[in-house]
Amino acid sequence: MGKHVLLIEDEPNIIEAIRFILSREGWRVDTHADGSTAYDRVSAIRPDIVILDVMLPGRSGFDILRDIRADTGLNGLPVLMLTAKGQVKDREMAERIGASRFMAKPFSNTEVLASVRELTGT
């Protein structure tokens, strides 16, 4: 299995932190910051896992996750949802739509790496 992650996030400090954590472990990290074109990016590169922020410019992470789960070629793709709002309703929405895991910001480096490893079986 490859080690390719697509990080869909618009906060530069979060992008750099996750890129550093995963790159250090041998992952290839592509990033995308625009919610309105994020699903197209997922379709085009077909990563091993998507790390998806809930609040994005253009479209929400929930909308993007719905598109991924509706695509028969992508519906098994592991998706780790991130949000600054760790509210119960957001977690419930993510689970209902089909998020593989939900993580509230701030998160620990260890937590992100462990989740990515577990979700991809690496």
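Residue positions within a chain follow its written sequence, with the count starting from 1. In view of the model being predicted, local features appear only for residues whose pLDDT reaches at least 70, and side-chain atom pairs are presented and counted only at 80 or more, with totals across whole chains, interfaces and linings using the full set of residues. Each side-chain value is worked out from all heavy atoms of the structure, with water and hydrogens disregarded.

## Looking at the sheet that holds strand E3 (residues 49–53)
Argument step 1. Here, any two strands with at least 2 DSSP bridges between them count as paired. Secondary structure elements are defined from DSSP: runs of H or I of at least 4 residues count as helices, runs of E of at least 2 residues count as strands, and each element is numbered from the N terminus. Read from one edge to the other, the open sheet built from five strands follows the order E2-E1-E3-E4-E5, with strand pairing classed as parallel. Across the chains shown, the open sheet's two edge strands, defined by having one partner strand only, are strand E2 (28–32) and strand E5 (101–104). For this sheet, the mean angle separating the axes of adjacent strands, direction not counted, is 20°.
Argument step 2. Of the strands in this sheet, strand E1 (4–8), E2 and E3 touch helix H2 (residues 38–45), which is tilted by about 175° from E1.
Argument step 3. Strands E3, strand E4 (79–83) and E5 of the sheet are contacted by helix H5 (residues 109–120), whose axis makes an angle of about 175° with E5. Interaxial angles span 0 to 180 degrees and are taken between N-to-C directions of axes, which are lines fitted to C-alpha atoms, for helices over the stretch in contact. By definition, residues are in contact when any of their heavy atoms lie within 4.5 Å.

## A look at the environment of Pro-47
Argument step 1. Mapping Pro-47 onto the fold places it in the loop between H2 and E3.
Argument step 2. Relative accessibility decides the category of a residue: with a 1.4 Å probe and only protein chains considered, values under 20% of the type maximum give buried, values over 50% give exposed, and everything between is partly exposed. Pro-47 gets classed as buried once you look at its relative accessible area, which sits at 6%.
Argument step 3. Dropping the residues within four chain positions of it, Pro-47 is found in contact with His-4, Val-5, Leu-6, Val-42 and Leu-77.

## Here's the deal with the packing of H2 against helix H3 (residues 61–70)
Argument step 1. Axis separation between H2 and H3 bottoms out at 9 Å; the angle between their running directions is 35°. Where H2 crosses over H3, the handedness of that crossing is right-handed. Contacts from Ala-38, Tyr-39 and Val-42 in H2 reach Ile-64, Asp-67 and Ile-68 in H3.
Argument step 2. As a working rule, the residues Ala, Val, Leu, Ile, Met, Phe, Trp, Tyr, Cys and Pro are called nonpolar, Asp, Glu, Lys and Arg charged, and the rest polar, with Gly in that last group. Split by residue class, the contact of H2 with H3 holds five nonpolar, no polar and one charged. Definitions for this section: a left-handed crossing has its near helix turned counterclockwise from the far helix by less than a right angle. A right-handed crossing has that turn clockwise.

## Here we look at the nonpolar core
Argument step 1. Among the buried residues, those of types Ala, Val, Leu, Ile, Met, Phe, Trp, Tyr and Cys that are joined through side-chain atoms within 4.5 Å form a nonpolar core. If you look at the biggest cluster of nonpolar residues, it comprises 20 residues, and the most contacted ones within it are Ile-8, Val-42, Val-50, Leu-52 and Met-81.
Argument step 2. Going through the elements one at a time, E1, H2, E3, H3, E4 and helix H4 (88–97) are the ones with two or more residues in this core.
Argument step 3. If you tally residues by element for this core, the top one is H3, at four residues.
Argument step 4. Leaving out residues up to four positions away in the same chain, Met-81 has contacts with Leu-52, Val-54, Gly-61, Phe-62, Leu-65, Ala-94, Ala-99, Arg-101, Phe-102 and Met-103.
Argument step 5. By size, the runner-up hydrophobic cluster in this structure holds 19 residues, among which are Ile-21, Leu-80, Leu-82 and Val-116.

## Comments concerning the pattern of salt bridges
Argument step 1. The working definition used for a salt bridge is a side-chain nitrogen of Lys or Arg within 4 Å of a carboxyl oxygen of Asp or Glu. Per the counting criterion, the structure on display carries eight salt bridges.
Argument step 2. Between Arg-19 and Glu-16 there is a salt bridge, and its shortest N-O distance comes to 3.7 Å. Of this pair, Arg-19 and Glu-16 both sit in helix H1 (residues 12–24), three residues apart, which is roughly one turn of the helix.
Argument step 3. With a relative accessible area of 28%, Arg-19 lands in the partly exposed category.
Argument step 4. The partly exposed category is assigned to Glu-16, whose relative accessible area is 47%.
Argument step 5. The salt bridge involving Arg-117 is made with Glu-25; its shortest N-O contact spans 2.6 Å. Here Arg-117, found in helix H5, pairs with Glu-25, found in the loop between H1 and E2; they are 92 residues apart in sequence, far enough to count as distant.

## A short note on unusual backbone geometry
Argument step 1. In this structure, Pro-106 follows Lys-105 across a cis peptide bond, with omega equal to -5°.
Argument step 2. Among the structural elements, Pro-106 can be located in the loop between E5 and H5.
Argument step 3. The residue Arg-46 is not glycine, and still its phi comes out positive at about 45°.
Argument step 4. With respect to the helices, strands and loops of the structure, Arg-46 is situated in the loop between H2 and E3.
Argument step 5. Exposure remark for Arg-46: the relative accessible area of 44% places this residue in the partly exposed category.

Any link to function would need more than the numbers given here.
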